[in-house]
Each structure stands twice: as structure tokens, then as C-alpha cells.
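# Chains, contacts and geometry: an overview
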Amino acid sequence: MKLTTSLKENIAAAHSLLPIGTSFDIITRELLLGETRAYLLGINGMCKTEVLQRIFSDLQNPQYMQDNVVAQLQQYMSARIGYAQVQLESDWDKLLRQLLSGPVILLVDGFDQALILDARSYPARGISEPDAEPVLRGARDGFVETMLFNANLIRRRIRSPRLTFRLCCVGADSRTDVALAYVDDLADPGLTERISRSLSGLEVSSLTMGAKSLEELLVKKRWYNPLPSIQLTERPDVACSYLMEGHVLLIVDNSPTVLILPCSVFQFTQSPDDYYSSPMVGSYFRLARFACMLVSLVLMPLYLLLTAYYPDISAQYHLLDSADAGPVTIFFYVLAVEFILDLFKYSAAHSTSRFSGSLSIVGGLIIGDIAVELNWASVEVLFYAAVTLLATLSLSSTEFADGLRLYRLFLILITGLGGLWGFLIGLALVCLSVATTPTYGNYSYLWPLFPFNWQALKTLLLRYPTFRAQPSRVWRRTKSSERQ
């Protein structure tokens, strides 16, 4: 629907399209620009009042207004409105989208176009280090819920003229802004165009949970693929490092989380601390993190297998003190301890910072001691479960750690029921599930292991010095022509 030259008709159309007079946050104002009538539409709390007051004070100043009548709106905008972000629009759909995003709409009598004054001001929290990705050294800033601030944090680090932010709109009702960020000569053009088409073709009413909802819409997974298909980060330095490696970012308004495309399983083994340490120290902790992945996955199932089905080996290496404990009892011990540790983790995560530390320590000591006395667990099982928990907490990605937890529970169940063959079959099914985890753009989840790329794999396994780790050629996965 288009605007007309009649201000009265345009005001009536605005009342039919918006709950004016019913919704308290929609503000309106009738104005006179000389002798020309005008009508202001805005959202209370989303525009800079002092800026608007200055603009309209100048427009209504007799000394400033040399013409009593607005004859040409384009010329009037160029000559009389000194504010930087002003544009003309005649389509109601685009006007409503802008209005509900924060800018102010000014309807002028006699013109079928409206002025859009982008004097928006969103409520925003301060920029601080994200709790989910803390580092010992390095930058302490993190993404926030305002997309423009997030783009500024990236632009501050990458001052390249080829850094591009393409804006899309997702959600029939929410009309959520999503920015596609990439470095023009580093990212695959075929990938960027495919993401842009996917965003434009998404049929969804709203992005209820922000970036997480967009992740599930872009990559549809099966129930047997618990590992994340898209990497998420709240750190600008991490996002910028992936941009310089040719990846593409998706920045969702109202969400402090940025999506990184494409994705592989090796991306979840890295941590910013690796790059804020020396190459030798960073390489050591990265390899230790790989070992923690294996410990988190197989330690408890392997302990269950040896103590329940191979008591001779268990007795030889003193894995279990209770010689009379049968396979069913040990299986119950392991399941009970897994549940208790998960209970500790989530109760501490959802408690306030004043109680989370004391809750974890005191609760672990008291409940662990009582569980052993009541014969619901053994000291050895508690020890191996604690080692598993520490190995899981060492992983920087909580989504990846939660996926490994589900794999571990599956291995425990199938090992307790099937013994050695159950453990081997379960391990094979886990490997199959990891290999078949879908990613956006049909890239391999196991890259650079498959397809094999030794140069890229070395930079993932080891922390190389900066002068040897420039990734412009190493990280080229395929040519864009091969993807199309």
C-alpha cells in the first residue's frame, strides 16, 4: 500500500494499521512546518528525544523557516534537515518496518512520501566479558543485545574496506534484523549468496530465542545428532579471527550470540586462551583439551565395562574395592553418580553467584558422603565421575560438552546392557553420529580430517606463532564454482 498526497488519508491509514490510542508506546504529534501540516509517528523510548526536539525546534523557528510552504520535499529535506540519517519512503510496509524498529516517521501534507528520521536509541546493557567464555588474559569485551554495537565491536578490530554487513529481515511478525558479516575477498561468494537466499526464504513468524532459533532453522538435525552444527560465540576477538579465516558471521538483533559458518568439530576444541599464551603453552593445553574430550566420553563407560564384566582386571588394578559388587550394582552406581553430578552442575549454573560456589562444594561433600554410606555409590565411582566432570568443564563450548554428555550416557547404558560388544557397538554408533552431523552448506563436519587437509589440520592441532599461522591460503576449503 502506498501513501497518498492527502495527509488526512495517510493519518487514517496509520490508524488502521497501528493501534494508535490503544497501545501506550506509540506516540503521535501534529505539527506545522510553516503553513504546511505534518504528522509525527514514533515509538516511545526508542528514539532520542533531545535530537528530535532540536530538529523540530529549528524547523518551526520563524527565522530558520524562510519558506512558509513546503514546495518540494526532497529539496526541503536536503536544505532544512541537517540530521545525518534521513530518507524518503512511500511504501507503508517499509515505513511500518522502520517505525517499529525505532526511527520516527514524518508525514507531510501534499506529498506521497514520508520522511524517516533515524534517531533511534535502544535500551542496552554495558559491554562486558561474557560469562560463558571467560579468559585469563585478553580482551574483556563481549557482544550485547544491540546489533549495531556488535557490528561496531567487529569493525573496530577489522578496519578493512572489504568488511561487509548485509542486512536481512527474518520473521513475519517479529521482523528481526539479521546481519550477514564477511570479508569480501576471503569468504566464499557462493556461501554468502546461499546464506542470503536462505535467510530471505525462511518462513517463520518470529525468532523466539534469537540466534538459537536461527541456528535450528538453518540446519535441521536428526535426534541422533546431539553435537552442535553451528558454532556460537559471544567474544568479538573470536568472531574476528574466524572472519579473517574466510568464515561468515550471522549477527541477530536482540541476541548477544553470533553464529559462525561453516562449522567443523575441530572448532569446538579451540579456546581464546591458546592465543593469549605462548605457542608452546597454547599447544600443550590444546592437546590436553583433545585428551579431555576422550576422557569425558569413554572414561565412565570403560570403567563400567572393566569393573562389571572383567573383575580380574578390576582387582588387578584396584579399580573397585567392593569385591561383592555385581554388574547390576556397579551399573546402578554409575547411573546414580552421573545423575547427581548433572544435578550439581545445573543447580550451580542456575543459582545466584552468591550461592553457586558454596552450593557445589558443600552439596558435593555432603551428598557424596551420604551416598557412599547408604550404599548408593562407591568412592571409586565418585572419583572417576569427578575426573569426567573436570574433563567436561575444561571444554570451552558448553553446547559441545552437553553433546558429549549425551553420548556418554548412551555408552553407559549400552555397555551396562551388552558388555564388551555393547561398548564397541555403542562407540561405533557414536562415531557414525559424529560423522553424519549436518552442517550448513554441506561441508564436512570432520574437516580438515575429511576431506584431508594436512596444512589446516596442523594449525588446529597445534598453536602456531602468528607469523606462521596466517590462514588466507590454508583455510580455502573448496572453490566457489565447485559449490554451485
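Our subject is the structure that appears above.
The following refers to the structure shown. (Residues numbered from 1 in each chain as written. Predicted model: local features only at pLDDT ≥ 70, side-chain atom pairs only at ≥ 80, totals over all residues. Heavy atoms only, no water.)

## Quick look at the sheet that holds strand 7 (residues 176-183)
Here we have five strands laid out as an open sheet, ordered 6-7-9-10-8, and antiparallel in their pairing. The sheet terminates laterally at strand 6 (163-170) and strand 8 (231-233), the two strands that pair on one side only. Averaged over neighbouring strand pairs, the angle between their axes works out to 25° when direction is ignored. In the sheet, strand 8 pairs with strand 10 (residues 258-261) via three bridges, with the strands oriented antiparallel. Bridging across to strand 10, Leu-232 finds its partner in Leu-259. Contacts from helix 5 (residues 147-157) reach strand 6, strand 7 and strand 9 (248-252), with the element oriented near 160° to strand 6. (Pairing = 2+ DSSP bridges. Helix = DSSP H or I, 4+ residues; strand = E, 2+ residues; numbered from the N terminus. Axes fitted to C-alpha atoms, helices over the stretch in contact; angles between N-to-C directions. Contact = heavy atoms within 4.5 Å.)

## Brief notes about the sheet that holds strand 1 (residues 26-33)
A sheet is described by the order of its strands in space; here five strands give the open sequence 1-2-4-5-3, paired in antiparallel fashion. The open sheet has two edge strands with one neighbour each: strand 1 and strand 3 (86-89). For this sheet the average axis-to-axis angle between neighbouring strands, irrespective of direction, equals 25°. When strand 1 meets strand 2 (residues 36-43), the two strands line up antiparallel, connected through eight bridges. Considered in strand 2, the bridge of Leu-33 is made with Thr-36. Against the sheet, helix 3 (residues 73-80) contacts strand 1, strand 3, strand 4 (104-108) and strand 5 (114-117), and its axis sits at roughly 170° relative to strand 3.

## Looking at helix 15 (residues 398-435)
For helix 15, which comprises 38 residues, the first-to-last C-alpha distance of 20 Å sits more than 12% below the rise-based estimate of 56 Å (1.5 Å per residue). Along helix 15, the helix axis deviates most sharply at Gly-418, where the bend reaches about 145°. (Expected span 1.5 Å × (residues − 1). Bend = angle between axes of the 7 residues up to and from the residue.)

## As for the side chain of Asp-141
Note on placement: Asp-141 falls in the loop between strand 5 and helix 5. Polar side-chain contacts of Asp-141 include one of 2.9 Å to the side chain of Arg-157. Here Asp-141 is in contact with Ile-127, Ser-128, Glu-129, Pro-130, Leu-153, Arg-157 and Pro-236, once residues within four sequence places are set aside. (Polar contact = N/O pair within 3.5 Å; in protein donor to acceptor, adjacent residues only side chain to side chain.)

## Things to note about helix 4 (residues 92-101)
Each α-helix winds once per 3.6 residues, and so residues spaced three or four apart point in a common direction. For helix 4, every residue scored as buried is listed here: Trp-92, Leu-95, Leu-96, Leu-99 and Ser-101. Packing partners of the buried residues in helix 4 comprise helix 1 (7-17), strand 2, strand 3, strand 4, strand 5 and strand 7. Where helix 4 begins, the side chain of Asp-91 points an oxygen toward the backbone nitrogen of Asp-93, at a separation of 3.1 Å. With its phi angle positive at about 135°, Gly-102 sits one or two positions after the end of helix 4. (Buried < 20%, exposed > 50% of the residue type's maximum accessible area, 1.4 Å probe, protein only.)

## Some thoughts on a nonpolar patch on the surface
A cluster of nonpolar side chains, contributed by Tyr-309, Tyr-310, Ile-313, Tyr-317, Phe-410, Leu-420, Trp-421, Leu-424, Ile-425, Leu-429 and Leu-432, occupies part of the molecular surface with about 1,100 Å² of accessible area. Considering each element in turn, the nonpolar patch owes the most residues, seven residues, to helix 15. As for its placement among the helices and strands, Tyr-317 is situated in the loop between helix 11 (311-316) and helix 12 (327-349). We classify Tyr-317 as exposed; its relative accessible area is 56%. (Patch = residues over 30% accessible without salt bridge, like charges linked within 9 Å, V, L, I, M, F, W, Y side chains within 5 Å. Areas by Shrake-Rupley, 256 points an atom, 1.4 Å probe, with all protein chains shown as cover. Salt bridge = Lys/Arg side-chain N within 4 Å of Asp/Glu carboxyl O.)

From the geometry alone we can't say anything about function, so treat these as descriptive.
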